[in-house]
Each structure stands twice: as C-alpha cells, then as structure tokens.
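What follows is the residue order along each chain.
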There are 2 protein chains.
Amino acid sequence: MMAYVALGIGLLSLLIAFFFAMYVRRQDEGKGKMVEISGYIRKGAMTFLNREYRYLTVYIIVVSVFLYLLSFIKNGGVSPYTWMAFVVGAIFSALSGNIGMRIATLANVRAAKAVEKDMHSGLKVAFSSGAVMGLTVVGLGLFGVSSMYLLFSHLGPYELSNILFGFGFGASSIALFARVGGGIYTKAADVGADLVGKIEAGIPEDDPRNPAVIADNVGDNVGDVAGMGADLFESYVDSIISAIAIGVLFSAINSALVYLPLLLAAIGIISSFIGVGVVVLMRNKDPSKAMNTGVITSAVIMVLLSLMIMYWNGDYKFESLNKVVPWYNMFIALLGGLIAGIVIGFSTEYYTSDKYKPTKDIAKASTTGAATNLITGMSIGMLSTVIPVLSISVAIIIAYILADLYGIAIAAVGMLSTLGMTLSMDTYGPVADNAAGIAEMANLGKDVRERAEELDAVGNTTAAIGKGFAIGSAALTALALFATYNQTLSGLGHKIIIDLANPSVMVGIFIGALMPFLFSALALLAVGHAAENMVEEVRRQFREIPGIMEGKARPEYEKCIDISTRAAIKKMILPTLLAIIVPIIVGVTPGLGPEAVGGLLAGSIASGFLLAIYMANAGGAWDNAKKFIEKGNFGGKGSDAHKAAVVGDTVGDPLKDTAGPSLNILIKLMSIVSLLLAPLFVLILSL
Amino acid sequence: MMAYVALGIGLLSLLIAFFFAMYVRRQDEGKGKMVEISGYIRKGAMTFLNREYRYLTVYIIVVSVFLYLLSFIKNGGVSPYTWMAFVVGAIFSALSGNIGMRIATLANVRAAKAVEKDMHSGLKVAFSSGAVMGLTVVGLGLFGVSSMYLLFSHLGPYELSNILFGFGFGASSIALFARVGGGIYTKAADVGADLVGKIEAGIPEDDPRNPAVIADNVGDNVGDVAGMGADLFESYVDSIISAIAIGVLFSAINSALVYLPLLLAAIGIISSFIGVGVVVLMRNKDPSKAMNTGVITSAVIMVLLSLMIMYWNGDYKFESLNKVVPWYNMFIALLGGLIAGIVIGFSTEYYTSDKYKPTKDIAKASTTGAATNLITGMSIGMLSTVIPVLSISVAIIIAYILADLYGIAIAAVGMLSTLGMTLSMDTYGPVADNAAGIAEMANLGKDVRERAEELDAVGNTTAAIGKGFAIGSAALTALALFATYNQTLSGLGHKIIIDLANPSVMVGIFIGALMPFLFSALALLAVGHAAENMVEEVRRQFREIPGIMEGKARPEYEKCIDISTRAAIKKMILPTLLAIIVPIIVGVTPGLGPEAVGGLLAGSIASGFLLAIYMANAGGAWDNAKKFIEKGNFGGKGSDAHKAAVVGDTVGDPLKDTAGPSLNILIKLMSIVSLLLAPLFVLILSL
C-alpha cells in the first residue's frame, strides 16, 4: 500500500512540475536582442546535451550488456533484472537534468523580461523554473524507486536490493558524467572569458563583445542546472535505496523498515509543495526573505509530519538484530540528519559570506597581493572542514546508537527529504544569473539591469548554502551506502570483517583517499587546458576581427562554445570510468578483495568529503572576497587588491564548480558499484 | 651483545660527526661584511632557538609530570620509567636540530669563503656541515634507542615497549614543535621578503637593502636545518622502535626479531660513513654527481651488507604466530621499502624538475596568467600523489605477505637505514643556499657568486628528492606504528577489532582525515598573518628610513627577525597540542574509544600522506617553473609569465616548507601518543 502512495505522490510531483513548466513557457520572452541572445544560449546548451547523450548511450549499452552477462554467474549476486534497472536509473537521471535545463533556458529570458515590471515578477519566473527542476527530481526519484520496489519485491530481499543498486548505479554514473562534463564546460568558458575579458581587455562581465560570453552563459545551464539536477537526483535516490536495503536485511521485505523511507520521501515532497507555494504566493519584495521563509516552512512541516508518522507507526522491530527500536529513537536519528544539514549550511554561510570574518580576512589579505589572498583562502577553506566533519560525525554516532546502521540511512533520508524545496532554490541561482547576463547583453534599461543584478545576488548566497547542503547529504548518503556494503557482506554468509589491522584494508584506505585527489587533478587539468585554449581563441578574435571592440562586429561565439563542448565531452570520460573501474580492480585483485574495497570506500568518503568542502568553501570565499572589494572596500574595483582578488576568484572557480561538486558523486558512485558487485567479490575470494 | 654493538656504532657516528664539526670550524670564515652578515644570521637563529627552548622546557616538564602520574594507574600500561625516556627523547631531538644548526651557521660563511678558491672546496665545507647533521641524527638515534633497550629490557616486553614509545613521543613532539615553528619562521620571512622586495621594490633576492633578508636567511637554518634534523631524527627512531615493539610481541625480548632493526641501523650507519667519505674525498668537479655517487654507494653497500646479515642470521621464528619466516622474505621486505623510497624520490624529481613535462606545463600556463599557473600547479600536485601512494601500497602488501606486520616495520627501517648519508645531502642544501646569500650580500666577486649560485642550485634538486624521501619514510613509519598499535591492542588480552563496519571507527577515520587539513590551515594562516606583518614592516622601513634604497642606511633587520620569531613561537603551540590531545580525547570518549583511535590513525595517515605529497610537489613544481622562466623561457625574467610564476612560487612556499613537512611528523606523533596510551584506552573501555 505504502509503495503505491509513494508512487502516487511521485507522479503528483511530476504533474505539479509540469504546471510550473507551462507557467514559465506562457510568460513573455521579450523581443529583439533578448530573444536572439537567449536563443544562442539555448542552442549551445542543447548542442552540448545532444553530443553528451551520444556518448552516454554508448556507455549505457556497454554497461547494461556487461551487467546482463554478469547475471549468468551463479551466486554472483547480479540479478537478470539489474541491467534494466540500471537503464531506467540512467534515463531518469538524464531526464532530471534535461527537463530542468530546458525550462531554465526558457526561463532566463522570461525572468529578464518579467523583472522589467518588478522584482517579484522576476523572482516568480526564475523560481518557478527552479521548482520545475526541484519537483521533477524528487518526483522522478520517488516514482522510480517505488516502481522498482513494486515490480521486483516478489523476488526476495537480496535480488531486490541488487536491482535497486542497479537503479542507483545508473543514476550515479550519469550524474557523474553530467557533473564533470558540465563542470568542465562552465569553468573553461568562465575562466577563459574572465582572463581575457576582465583582466586583459578590461571589459565588464557579460559583455557581448567578449566571444566567450555565450559559452559562459551556456555553462551556467549545463553545469549548474543539468549537472546539479543529476547530482541531487542520485543523492536522493541513493539515500532511499540504502535505507530500503538495510531495512530488508534487518527485517523483511514488507516491513515498516522498508516502507519508512518511501513514506518519509513522500511527506518530504508534500512539505516541499507547501514551501514552494509559500515562495510563489507570498508577495514578499525581498527575494532572499521569500526563499528563506519557504525553506523554513517546508523544514518545519517535514519535522511535524514525520513526528506524526513515526508516532503513528509505533516502534520498529529489527528482527535480525533481535531488538526493538522505539519510534522516538528513529525520529531523533532523522532529526539529527536534518540538523547536521542545517549546521553545515550555516557553516558554509559563515565561511563564504562577506558578512563574516573569514571572507573579510581574504579581502584584507588581497591588499598584500595575490599570493597572500591565495594562502589565506586555502587556509580558510581547510579550516572550514572542521564543523561539517564534526556535524556529520555526531549525526552518525547518534543515529547508530539509537537505531543501528539503519539510523544512518534514515538520517540521510531526513536530510534530503525537503530536496524538492531546496533544489528549487538552488536552481533559481543560475537562472537569475543568466537573466542578469541577458539584461546586460541586451542592454535593457539601467534600473532593469539593477533589479536583475539583485535577483542574481540572492542566487549567489543560496547557491553557497545549497552547495554545503549537497556536500553534507552526499557524505551522509555515502556513509549509508557504506553501511549497506558492510551489512551486505555480512549477510552473504561468509564471515568477512573489514579489520583495519589487515594491511590490505589500509591499502584500500590509501587508494580510496587517493581517488578524490586523482579525480580532482584530472578535472582541474581539463579546465586549465580548455581555459588556455579559450584564452587563445578570444585573444585571436580580438586581434583578427576588426570592429569587435567597438561593438560593430559580432564575435564568433560558436567557436568558443565548441571549445568548451569538445573539452567537456572528451575529458569527462576518464575520471568517471576510474570511479567505476577502481573498485572493481581492488575487489578482484588477489591480496586485496572485498575487505580492501571496504577500506577503499571509507578512504574515499573521508578524503572526498574533506576535499569537497575545502574546494567549495575556499572557492565561495574567494568569490565573495572579490565581490566585497568591488563594493568599495580595500580600494574597490580596479585597485591592486581587486586584481589580486580576481586571481583568487579565478582559481576558486573550477574548485567550487567543477572538481568539488563532482566529488560528491564520486564517493557515492564508488560505493554503489561496490555494493552491486559485493557478492561477486566474495565469490572470487572464495575460489 | 648486538645492542652493545649498536650502541658503539651510534657513539662512533657521533665521534665522526665531531671531527667533521672540527673540520668546519677550522676553515677560514673570511672577513669584513661576510663575517658581519653571517654573525647576524647566527645570532638570529640562536635567539630563536633559545626562545623556543623556554617553551619546550615548560612543555617537557608538564608532560613528564603527566606521564609520571599516569604510571600510578594500575593496569594503565604506563611504566614509571616512561617519563624519563620521554625527557631523553625530547632532549636528543632538540640536540639533533641544535647541533646541526650551530654547524650550519658556522659553515655558510666558510663555504662562501671556500668557494672563492674553487667549487670543490665550497662543496666540501658545505657538505661536511651536512655530514655533521646526518651523522649526529643517526648517532643520537641509535645510541638513544639501544641504551633504552639495554637499560630497560629486563622489565619485560610490555614495559620495554611502553618506555620506547615514551622515547619516541619525546622525539616526535619536539620535532613537531621544531618543524612547525621553523616552518612558520622561514616562510613568514621568505614570503614577506619576496612580496615587497622582488614584486614591489624590484630588487633581487638576497639583497642586503631588503630589511627581511636576514630573517629569510635565519629561516633557512631554523626551518630547513633544525626543523628537518628533528623531523628525521624522529622518523629514524620511530621506525626502529616500532620494529622492536612488534618483534617483542611476535617473539621474545632477546630474539633475533628485536636485534635485527638495531643491526640494520648499525650497518646503515656504516654505509653512510662510506657514502659521506666518497663525497668528501672524490675530487669530482660536478657537485651534483659527487653527491649522487655518494648516495648510490651507500645504498648499494647497505643492500649488500643487509643481504649478508640476513643470510648469516638465518630464518626468523614468529613464535606468537607459530610460523617461520625465511631470511630472504625478510630481505625482500627490506628491499621493498628501499625501492619504494627510491621510486618516490624519482617521482618527486619527475613532477618538480624543469626537465620534465609537468613543471614545463606550469611554466606554459603562466603565460595566461597567475590563475592558470595556480590551477595547473594544484592539479599537478594532486596528480603527483598517485605514484607514491601506489609504491607504498605495494611495499606494505609485499612486506606483509612475506613477513607479516613485522615486515612493514622492517621496510621502514630499510628505507631510513642510509639516513646518515641522505640527510647529509639534504642539509647541504640550506647551507649552500645561505652561502650563496652571503656571497651576494657581501658583494663578493662575480665568479665567486656564480660558483656559489651553482652550489645552491645543486642543493635545490637534492632538497626536492630529500623531501619526497622524508614523506615516504614518514608514511611507512607511521604505518609501522599503526601496525604496532593494532598488535598492541590485540596483545592486551581484550579482543578488540577495529572493524570498519562499526561507525565509531568511521568517525575516527573522518576526524583523522580532518586533522591534516586543520593542522595545515593553522600553519598556513600563521604564515599568512606573519607575512602580512612582515610586508607592512618592510614597506614601513622603505618609506621611513632615508637612504635605504641607495644602500646608504642599514635596514633594521632585527625588527623583521622579531616578527618571524614571535609568530613562530606563538603559532607553533596550538597545532602541536592538537596532535597530542585529539587522540587522547577520541580514546577516552564514550562511544569512541580505542577502535575509533585506530580509525583516527588510519584516516590521518592516509590524508596526511596525500596532503604532504600534494603540498611538497606542487610547491616544488611552482618553484622550478618560475626558475625555468627565469632561464629565459616563455618571456624570461620580468615578463608577465614570470610575474604569474612568482605568485605561484610564493603560494607554494608555505605549502612545501611549512605545512607539508609538518604533516610527516603529525601522523607519527598521533600514532605514538596512541601507542603510549593504548592500554589506558582499553582500561577505560572496560570500566
């Protein structure tokens, strides 16, 4: 029954997303230059996605054949239906990004037009397109998982889990491709545009004379919208899957432990509906306040509803552990996850907003040059890892004490439950950013551009908090998957203990901790190379196209778009494949095996979490330190301090928008691959 | 018997070091400006050490009282003699740095004078002072450990181990203070001097008009000489201690397993004598070739001697495991450690020398600005972690398969056995650097300065390789200590398994992985702040002292020295105490405890190793990319590319010379604290 309810609410969410999409589509898109520019952006974005899909199709076919073949191995644990679940997960993940991005590229110009009227109209359009994304992601997620459950639960606990892992694997791997590809695309364009435009030619951001400017705006869509959509789709799905998988192992396939995550996700979606409604309907003039109210409303409703649900459900039987967990224990575990998420969000705000000391310190350090700006930014980024690590640690210890490993998974579900609302807010950011860019490029009136800028500024703050939240939830989800891995191993009958005293586990930890470094290096190198090409291309156009600087000749935007597209597609492949292949290699290598894979996951989660926070916060702080100086502090725009701060910001860009967010997916993808193949590793070990 | 032999060879090493010291002291120190400048440097260095010692004395007294009190806890495992061993270890560690630095500050001016005659004379003086350091460190190390063994072996295996851990604890904690303090000192001065001198005022490096120049030269001594001496003293000592401790647990107190590490260390010292002799006596004109021949000679002799010793010793009985390990297994484990060290050294060379692609890529990226220089440098630093991690992984897996956990400790001993030679070479670097500085500042003839520069250049390459070696040996030693921790826990009778499926172990890993980030953040912030103060002071002097730029007025060097000294002393305390207190907190907190400490160590070793390599190699590559441009590539000195590369170099400086090397000690110190208190953690758990 519960699974049908979840299925229904998932569909309802998609329906509401559809209405928001219709609403956005109906708005006036303006005319003339606005339409022209937004047309370039949409075309560039779609070209990228189409090319990306060609590669993804090959990938999906190869992997599903591989999974199909694996299902013939006796006792290998891979179900003959896993490959199908993989395909569906992959398609849903791609759809999440695709739908969100289609609407975002329609909404940017419409928001720019709407802001001509007033602030709230602009907000409404931009936020509505965010809501399409938010509600699509959770709708597809819950619909997908509950239909998998309904279709395959009759096959028994192990096969069901394996099929669900297949679904998660599909979602995670597409997400990683999308995040890495989108991240390389956007930052190659952004860094390239800034280096020549702002630093060398001295023209402002979003100036249509800059040949890389359209690529930069396309990048916001393919990176921050499509990439983020796929990313959070998989976090969301994986957290539910791991709770179900542990629930199945601890109890039975139709137990309350299995229904609980579906139910929590469903009420989370309902809370998100209300939060989204508050933002859209409340005629608040301050967009920042409107969104905060929405987020708080949905969180409060979520807490109240889950308290009711838990109370109503009563205590939980963990049959395989022979213990009963009181309902309030479960509620506290959930609450712990939510609170950890909020604390991480605030910590992100503290370390990256120019209202507080850290970012001001970076701005001050800029007065002694780029080097001190960078050293201070790096230190603050590293320092900012302390609170998130401690929050997550406390949350998982509490959850574990109160409700064993299942509690950890529920904490992750709790943290992600109101994703429909928070993701709407996150997606608002790049749409507002694009709207401001279009207003600038189309040369709309001064006050229109100012209002658009203000919309954009709100987006920057929400983006920082959203990023913190995404990292926290990724870590918690990865830990839940890791707990599932351990539980799955012990459920396989063989007594496998991932004992740290065994050096192969330590080697696993080493290699696991290495992965985020290697992965980030590849992503950053890709951005660096593509940005260099971009710089050379922009310099060439400035040199060779007469009249470009006077605004008389149209720059060759396509060439820049092409550079970003090719770099992104080409360079997304290796890092993603590494994430899939390394756990397999470690799992099947004699002397390593399933225990070493346990170490691999633990090492990658710890190191990936730390690097991701470091990169996101250092990048955010550099960005806002620069903006703080631009507001007139320490000499203001054009001063030496400002030049130093621009260097810091440019370095931070690929950290916070390419490498950092991809690490969130990396650690989950490695976990889910290992989960899927755990029985196989054990089988090989026993040969 | 064997222990007496080791004791004797330790003393012999000290005696030879004494003769080298006498030799250095006898050389002509020149006259006039040279003597004046080197006097400033020596005075500054001694002032720093004396102030540092005041704090260290307080620290030593507090901790030894604490250890003494702990020894009253029944079954707490802390011996009533541990506090004494702690004091001796601490004093020996301080002595290692102190003696090395005294000679280095005598040798710099004498090397500058000697190079007036010819290249080889300069090399001989500089290298002889390096040999004083190298042979003092290994001499004190082996003498210390073997006398502890002789004094306390009658107390039985557990108490002996605990006393040895106390000795290691003393050595490690002083080393960490020295590394962090010295690192902050040297980089605050260096960054400050460069930022104003090179970038703003446009005067060359080592220009006596720069008020921070003496502080910079003092920094080379307190950071690169005294800091490194204490660092490698503790690596050396800890590797021997962990082999003895595991040997005691696997066999008996008088067994071959206990004598083997002492014996290997002893023949390592003999090999080092020969290597050092080769460098000093071979009248090779190319100093780089001379040193390489020395290193290779001592390594080959070490391998041959240990092969003989192993063969002569015969097979090893691991009584507690009920197995016999053939002698060649043990030899291969040792060889594995040595080879891993060499591979890491070469990998460092590849990633940081301007002969190879990575550094050239950074230089090329500088042509598009500081931001791309930094992004490329960061990526290459991250990429450079792959080979070291895999080398260490292979070495420990092989060692473990062939000779169980004891094999890992022996691999570490093998890697460090020829430390007498490699450290002589490492110490040569800063002495040559100082000599070149003095030649520049004292305005010696053009060809003298060129020869001094060449001596210095050799030092830079050897320093990079030495750093790689130091990191590798630190990781291996930390892993050996970690193995000892696991073995100690299981030897305590309680069946404690550090099972990764237990979330408190995972929390331990999280906090452990966090520590190097937190630690680095504190160290970098200290450098950043002190450098800012330094910049302001230098700017003030340029502004307020008339005639300073014309070289007519003497800058107020002392003020700059004072800024560095105060910053270093003040900021070394918190990070070091964290390293000691965090394992204790984790060990005694309910819900965490000894298993979580196991996770803590594993997490800190993995993350510390990775960050240390990243920092060392990124820093080294940035440095050499700048030098590569200065050789005339990509526009040469003064070009925009060069300015960008200077930013990268300045950022890299505190990474490679402050934070990075300190991490080596951090991970060992945390391990040894945990080892020392492991029985106490278990006792608290059982309450």
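Residues numbered from 1 in each chain as written. Chains lettered and ligands numbered in written order. Predicted model: local features only at pLDDT ≥ 70, side-chain atom pairs only at ≥ 80, totals over all residues. Heavy atoms only, no water.

Further remarks concern the overall build of chain A. Regarding its fold elements, chain A presents 18 helices and two strands. Computed over its C-alpha atoms, the radius of gyration of chain A comes to 24 Å, within 12% of the 26 Å expected for a compact globule of 687 residues. Based on the C-alpha atoms only, the size of chain A along its principal axes is roughly 75 × 50 × 45 Å. Put simply, chain A has 687 residues, and 69% of those count as buried. (Helix = DSSP H or I, 4+ residues; strand = E, 2+ residues; numbered from the N terminus. Rg over C-alpha atoms; globule rule 2.2 N^0.38 Å. Buried < 20%, exposed > 50% of the residue type's maximum accessible area, 1.4 Å probe, protein only.)

Residue and element names in this part refer to chain B. The N-to-C vectors of helix 12 (residues 386-416) and helix 17 (residues 594-630) enclose an angle of 140°; their axes lie 9 Å apart at closest approach. Accordingly, the angle class assigned to the pair helix 12 and helix 17 is oblique. Seen from above, helix 12 lies across helix 17 with right-handed handedness. Where helix 12 approaches helix 17, its residues Pro388, Val389 and Ile392 are matched on the opposing element by Phe609, Leu610 and Ile613. Taken together, the residues of the contact of helix 12 with helix 17 break down into six nonpolar, no polar and no charged. (Axes fitted to C-alpha atoms, helices over the stretch in contact; angles between N-to-C directions. Parallel < 35°, antiparallel > 145°, perpendicular 65-115°, else oblique. Left-handed = near helix turned anticlockwise from the far one by under 90°. Contact = heavy atoms within 4.5 Å. Nonpolar A, V, L, I, M, F, W, Y, C, P; charged D, E, K, R; others polar.)

The next subject is the packing of helix 4 (residues 119-152) of chain B against helix 5 (residues 157-201) of chain B. Residues and elements named next belong to chain B. The interhelical angle for the contact between helix 4 and helix 5, taken along N-to-C directions, is 150°, at an axis separation of 10 Å. One element, helix 4, and the other, helix 5, form an angle in the roughly antiparallel class. Pair helix 4 / helix 5 crosses with right-handed handedness. On the side of helix 4, the interface is formed by Gly144, Val145, Met148, Tyr149 and Phe152, while helix 5 contributes Leu160, Ile163, Leu164 and Phe167. Residues of the contact of helix 4 with helix 5, tallied by class, amount to eight nonpolar, one polar and no charged.

Turning our eyes to something else, we now look at the relation of the copies chain B and chain A. You can overlay chain B on chain A at an RMSD of 0.0 Å; the transform is a turn of 180° with a shift of 0.0 Å along its axis. Taken together, the rotation and translation describe the operation of a two-fold axis. Residue Asp499(B) of chain B places its C-alpha closer to the rotation axis than any other residue of that unit, at 2.4 Å. Take the interface residues of chain B: 99% of them recur as interface residues in chain A, which is what a same-surface contact looks like. (Least-squares fit on C-alpha atoms with pLDDT ≥ 70 in both.)

Turning to the side chain of Asn373(A), a few remarks are in order. All names here are of chain A. The topology assignment puts Asn373 in helix 11 (residues 370-383). The class for Asn373 is buried, based on a relative accessible area of 0%. Non-local contacts of Asn373, meaning those with residues more than four positions away in its chain, are made with Ile362, Ala365, Ser366, Trp622, Ala644, Ala645 and Gly648.

All right, on to the interface of chain B and chain A then. Taken together, the contact between chain B and chain A spans 74 residues of the former and 73 residues of the latter. Both faces considered, chain B and chain A share a buried interface measuring about 6,300 Å² in area, 84% of it formed by carbon and sulfur atoms. Of all residues in chain B, Met382(B), Phe510(B) and Phe517(B) bury the most surface against chain A, accounting for 12% of the area lost on that side. Summed over the shared surface of chain B and chain A, the number is two salt bridges. Here Glu532(B) makes a salt bridge to Lys364(A), at a shortest N to O gap of 3.5 Å. Along the contact surface separating chain B from chain A lie four residue pairs in polar contact (both at pLDDT 80 or more). Put simply, the parts of the chain that give the side of chain B that touches chain A at least two residues each are helix 10 (357-365), helix 11 (370-383), helix 12, helix 14 (446-491), helix 15 (503-544), helix 17 and helix 18 (640-686) of chain B. Ranked by residue count, the leading element in the side of chain B that touches chain A is helix 15 of chain B, at 21 residues. Here the side of chain B that touches chain A is built from residues that sort into 54 nonpolar, 16 polar and four charged. (Buried area = accessible area lost by both parts, 1.4 Å probe. Salt bridge = Lys/Arg side-chain N within 4 Å of Asp/Glu carboxyl O. Polar contact = N/O pair within 3.5 Å; in protein donor to acceptor, adjacent residues only side chain to side chain.)

The next point concerns the confidence of the model for chain A. Averaged over chain A, the pLDDT score is 91; the fraction of residues at 70 or greater is 99%. For this predicted complex, the interface score ipTM comes out at 0.93, while the overall pTM is 0.94. (pLDDT = per-residue confidence, 0-100.)

As a further point, take the packing of aromatic side chains. All names here are of chain A. Within this structure, the stated rule accounts for 40 aromatic pairs over all chains. Between Phe92 and Phe167, the aromatic rings sit 6.2 Å apart at their centres with planes inclined by 80°, giving edge-to-face as the arrangement. One end of the pair, Phe92, is in helix 3 (residues 82-114); the other, Phe167, is in helix 5 (residues 157-201), and 75 residues separate them in sequence. Like Phe167, Phe92 is buried. (Phe/Tyr/Trp six-rings, centres within 6.5 Å; stacked < 30°, edge-to-face > 60°.)

This next bit is on unusual backbone geometry. Residues and elements named next belong to chain B. A positive phi angle, near 60°, is found at Asn322, a position not held by glycine. Residue position: Asn322 is located in the loop between strand 1 (316-318) and strand 2 (323-325). Judged by its relative accessible area of 73%, Asn322 is exposed. The residue Phe634 is not glycine, and still its phi comes out positive at about 50°. Its place among the elements puts Phe634 in the loop between helix 17 and helix 18. For Phe634, a relative accessible area of 37% corresponds to the partly exposed category.

Right, let's talk about the environment of Asn210(A) for a bit. Relative to the assigned elements, Asn210(A) resides in the loop between helix 5 and helix 6 (213-250). If near-sequence neighbours (up to four positions away) are discounted, Asn210(A) is found in contact with Ala193(A), Gly197(A), Ile203(A), Val538(A), Phe542(A) and Tyr557(A).

With that settled, the discussion passes to the nonpolar core. One finds Phe169(A), Met330(A), Phe169(B) and Met330(B) to be the most contacted residues of the largest nonpolar core, which totals 544 residues. Other than its neighbours up to four places away in sequence, Met330(A) contacts Leu257(A), Leu260(A), Met310(A), Tyr316(A), Phe318(A), Val325(A), Ala403(A), Tyr406(A) and Ile410(A). (Core = buried A, V, L, I, M, F, W, Y, C linked by side-chain atoms within 4.5 Å.)

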